[in-house]
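# A structural walkthrough
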Amino acid sequence: DQQVKQNSPSLSVQEGRISILNCDYTNSMFDYFLWYKKYPAEGPTFLISISSIKDKNEDGRFTVFLNKSAKHLSLHIVPSQPGDSAVYFCAASARGGGGSNYKLTFGKGTLLTVNP
Amino acid sequence: DAGVTQSPTHLIKTRGQHVTLRCSPISGHKSVSWYQQVLGQGPQFIFQYYEKEERGRGNFPDRFSARQFPNYSSELNVNALLLGDSALYLCASSLLSIETQYFGPGTRLLVL
């Protein structure tokens, strides 16, 4: 059962335009969400996170939006640059669940290609 | 500052063999987590350790084991390797078990 879903395997955008990557989740216990970027032959690099008490978090060109009622989050990259071309993973954890294990549950990733 | 380091970077083993993968967390981080990533999938949680104690285990067989040392480094051991164990093994560290996890470059394991 896929608790975190990234339904678009790939996305192609032009340099300078906005990239929007989407993620849906099913587990209502998730209360902390993260986006990671991964280049080939490297480990995932942390980009940005958001707690469920917020609906938006911004860091430079990256903004994450959270819609709890729809169990949906999105990552906006503006403006997109060729160096942003990578696989983007959405991840979630249940930090307030009362347990002691804060594992991350990942989606399958979306390959973003930014064309010059 | 050095990030999370993992060794070796690549490894080739045959079925039935045993493998040990190593991870050094970011300085000051006390929690280490292990993930397995197979091609086309996101990383899957294997273990989390905090202050040398196991805090969680994912849906992996008992052939997988891990430990954390007093200096917070960690080892992942896999016994009786199967072809399906071929994957990228990722280590992540965090200041506390609840904090954002930062990943190392991974160890790519190929089982023949």
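Analysis parameters
- Residues numbered from 1 in each chain as written.
- Chains lettered and ligands numbered in written order.
- Predicted model: local features only at pLDDT ≥ 70, side-chain atom pairs only at ≥ 80, totals over all residues.
- Heavy atoms only, no water.
- Core = buried A, V, L, I, M, F, W, Y, C linked by side-chain atoms within 4.5 Å.
- Buried < 20%, exposed > 50% of the residue type's maximum accessible area, 1.4 Å probe, protein only.
- Helix = DSSP H or I, 4+ residues; strand = E, 2+ residues; numbered from the N terminus.
- Contact = heavy atoms within 4.5 Å.
- Salt bridge = Lys/Arg side-chain N within 4 Å of Asp/Glu carboxyl O.
- Nonpolar A, V, L, I, M, F, W, Y, C, P; charged D, E, K, R; others polar.

Here we come to the nonpolar core. Core analysis: the largest hydrophobic core is formed by 23 residues, its most contacted members being Phe33(A), Trp35(A), Leu73(A), Leu75(A) and Tyr88(A). Where this core is concerned, the elements lending two or more residues are β3 (19–25), β4 (32–38), β5 (45–51), β7 (62–67), β8 (72–77), β9 (86–93) and β11 (110–115) of chain A. With four residues, β9(A) is the single largest residue contributor to this core. The residues contacting Leu73(A), other than those within four sequence positions of it, are Leu21(A), Asn22(A), Cys23(A), Tyr25(A), Phe33(A), Trp35(A), Val64(A), Phe65(A), Leu66(A) and Cys90(A). Listed in part, the 21 residues of the second largest apolar core include Leu21(B), Cys23(B), Phe60(B) and Ala66(B).

Okay, the interface of chain A and chain B next. By a widely used convention, the size of an interface equals the accessible area lost when the partners come together. Of the residues lining the interface, 18 residues belong to chain A; the matching set on chain B comes to 22 residues. On the surface where chain A and chain B come into contact, there are zero salt bridges. Among the elements that take part in the side of chain A that touches chain B, β4(A) stands out by supplying four residues, more than any other. When the residues that make up the side of chain A that touches chain B are grouped by side-chain class, the tally is nine nonpolar, four polar and five charged.

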